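Read off the chains here:
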Amino acid sequence: MSVEKLRVAGESIAEGQEQARSVDAAVLPERVQAAIREGRPLPSPCLSICRIDEDAGWCEGCARTLDEIASWGSASNAQRLEIWRQVVQRQAGSQDTGTGSGSDTVTGWSAGRAAS
């Protein structure tokens, strides 16, 4: 069975450079997949559980770093997709190693409980 790929045309991330990001649809929350299909801005991963894990270096709720949180509002969809990719990887790694809060999963993000 082939995994459906979702593509977001990369806005200019570096001057004069266009990129496209490809992400396995199966790893992204449904609300992110829907935003990509409908051409809307990608929703924030924020769960309103805002605590930075000092050991991990990212938020216990959304798994973003402080830099990713601060840049979200002005980030292009391509940059937001890259942040989502990092979030999913961090969350999967956290579940595998037993680190982090462990209470939030990728499926929790798809429930639409996010803030902007």
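Data block above holds the structure.
Residues numbered from 1 in each chain as written. Predicted model: local features only at pLDDT ≥ 70, side-chain atom pairs only at ≥ 80, totals over all residues. Heavy atoms only, no water.

## Section: the overall build of the protein
Logical step 1: When helices and strands are tallied, the protein shows 4 helices and 4 strands.
Logical step 2: Relative to its full complement of 116 residues, the protein shows a buried share of 37%.
Logical step 3: Once local pairs closer than 6 in sequence are excluded, the contacts in the protein between residues at least 24 apart make up 46%.
Logical step 4: Working note: accessible area of the protein is about 6600 Å², and carbon and sulfur atoms make up 49% of it. (Helix = DSSP H or I, 4+ residues; strand = E, 2+ residues; numbered from the N terminus. Buried < 20%, exposed > 50% of the residue type's maximum accessible area, 1.4 Å probe, protein only. Contact = heavy atoms within 4.5 Å. Areas by Shrake-Rupley, 256 points an atom, 1.4 Å probe, with all protein chains shown as cover.)

## Observations regarding unusual backbone geometry
Logical step 1: Even without a glycine there, the phi angle at Ser-48 is positive, about 60°.
Logical step 2: Tracing the chain through its elements places Ser-48 in the loop between α1 (30-38) and β3 (52-53).

## A short note on the nonpolar core
Logical step 1: Core analysis: the largest hydrophobic core is formed by 12 residues, namely Leu-28, Val-32, Ala-35, Ile-36, Leu-42, Ala-63, Trp-72, Leu-81, Ile-83, Trp-84, Val-87 and Val-88.
Logical step 2: Among the elements that take part in this core, helix α3 (residues 77-97) stands out by supplying 5 residues, more than any other. (Core = buried A, V, L, I, M, F, W, Y, C linked by side-chain atoms within 4.5 Å.)

## Here's the deal with the pattern of salt bridges
Logical step 1: What the rule picks out here adds up to 5 salt bridges.
Logical step 2: In this structure, Arg-40 and Glu-38 form a salt bridge, with 2.6 Å as the shortest nitrogen-oxygen distance.
Logical step 3: On the basis of relative accessible area, Arg-40 is assigned to the partly exposed category, the value being 36%.
Logical step 4: The class for Glu-38 is exposed, based on a relative accessible area of 53%.
Logical step 5: The residue Glu-82 makes a salt bridge to Arg-85 at a minimum N-O spacing of 2.5 Å. Placement of the pair is Glu-82 and Arg-85 together in helix α3, with a separation of 3 residues, close to one helical turn. (Salt bridge = Lys/Arg side-chain N within 4 Å of Asp/Glu carboxyl O.)

## Things to note about a nonpolar patch on the surface
Logical step 1: Together, Ile-52, Leu-66 and Ile-69 give the surface a local cluster of nonpolar side chains, amounting to about 240 Å² of exposed area.
Logical step 2: If you trace the backbone, Ile-52 turns up in strand β3.
Logical step 3: We classify Ile-52 as partly exposed; its relative accessible area is 33%. (Patch = residues over 30% accessible without salt bridge, like charges linked within 9 Å, V, L, I, M, F, W, Y side chains within 5 Å.)

## Overview of the packing of aromatic side chains
Logical step 1: This model, assessed by the stated rule, comprises 0 aromatic pairs.
Logical step 2: Just above the ring of Trp-72 sits the side chain of Arg-64; from NZ or CZ to the centre is 5.4 Å. (Phe/Tyr/Trp six-rings, centres within 6.5 Å; stacked < 30°, edge-to-face > 60°. Lys NZ or Arg CZ within 6 Å of the ring centre and 35° of its normal.)

## With respect to the environment of Ala-75
Logical step 1: Residue position: Ala-75 is located in the loop between α2 (66-71) and α3.
Logical step 2: Exposure remark for Ala-75: the relative accessible area of 13% places this residue in the buried category.
Logical step 3: Along the chain, Ala-75 and Leu-42 lie 33 residues apart, while their C-alpha atoms are 9.9 Å from each other.

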